[in-house]
Amino acid sequence: DRLLLILAIAYLLLCGVGLIAKQQFRPSAWCSTNRENECSIYTIGLIMLQRIDATASQAFAAVLRLSEAVSPKWGESALVVSDPHHG
């Protein structure tokens, strides 16, 4: 149980680092292209971990902000799919 908790925390921290990196750098810093959304925030966090000067609380805060921003939209796609009047 503790190992899963540690892995979950590490995953969230790396995602937070990835979110911070997306704010501070262009995609070419972690990818061979400048196109957005070529890598997941987890992958960006892994690649940029040594280049980002962020605390654990900053990384968690970035994940929390993203969660709060997308939470009102949860379930919308399921509603659209099940709507028989939707084109």
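In case you missed it, the structure is sitting above this.
Residues numbered from 1 in each chain as written. Predicted model: local features only at pLDDT ≥ 70, side-chain atom pairs only at ≥ 80, totals over all residues. Heavy atoms only, no water.

Caption draft 1: How the structure looks around the packing of helix 1 (residues 2–24) against helix 2 (residues 41–48). For the pair helix 1 and helix 2, the least separation of the axes is 7 Å and the interaxial angle reads 85°. Relative to helix 2, helix 1 is oriented roughly perpendicular. Facing Tyr 11, Leu 14, Cys 15, Val 17, Gly 18, Leu 19, Ala 21 and Lys 22 of helix 1, the residues of helix 2 in contact are Ile 41, Tyr 42, Ile 44, Gly 45, Leu 46 and Met 48. Residues belonging to the contact of helix 1 with helix 2 are distributed by class as follows: 11 nonpolar, two polar and one charged. (Axes fitted to C-alpha atoms, helices over the stretch in contact; angles between N-to-C directions. Helix = DSSP H or I, 4+ residues; strand = E, 2+ residues; numbered from the N terminus. Parallel < 35°, antiparallel > 145°, perpendicular 65-115°, else oblique. Contact = heavy atoms within 4.5 Å. Nonpolar A, V, L, I, M, F, W, Y, C, P; charged D, E, K, R; others polar.)

Caption draft 2: Representation of helix 3 (residues 56–70). For helix 3, spanning 15 residues, the distance from its first C-alpha to its last is 22 Å, which sits close to the expected 21 Å at 1.5 Å a residue. At its buried positions, helix 3 is contacted by helix 1. (Expected span 1.5 Å × (residues − 1).)

Caption draft 3: Examining the packing of helix 1 against helix 3 more closely. Put simply, helix 1 and helix 3 touch, their axes get as near as 7 Å, and they point 80° apart. Of the possible angle classes, the one that applies to helix 1 and helix 3 is roughly perpendicular. Across the interface between the two elements, Ile 9, Leu 12, Leu 13, Cys 15, Gly 16, Val 17, Leu 19 and Ile 20 of helix 1 pack against Ala 56, Gln 58, Ala 59, Phe 60, Ala 62, Val 63 and Leu 66 of helix 3. Residue composition of the contact of helix 1 with helix 3, grouped by class: 13 nonpolar, two polar and no charged.

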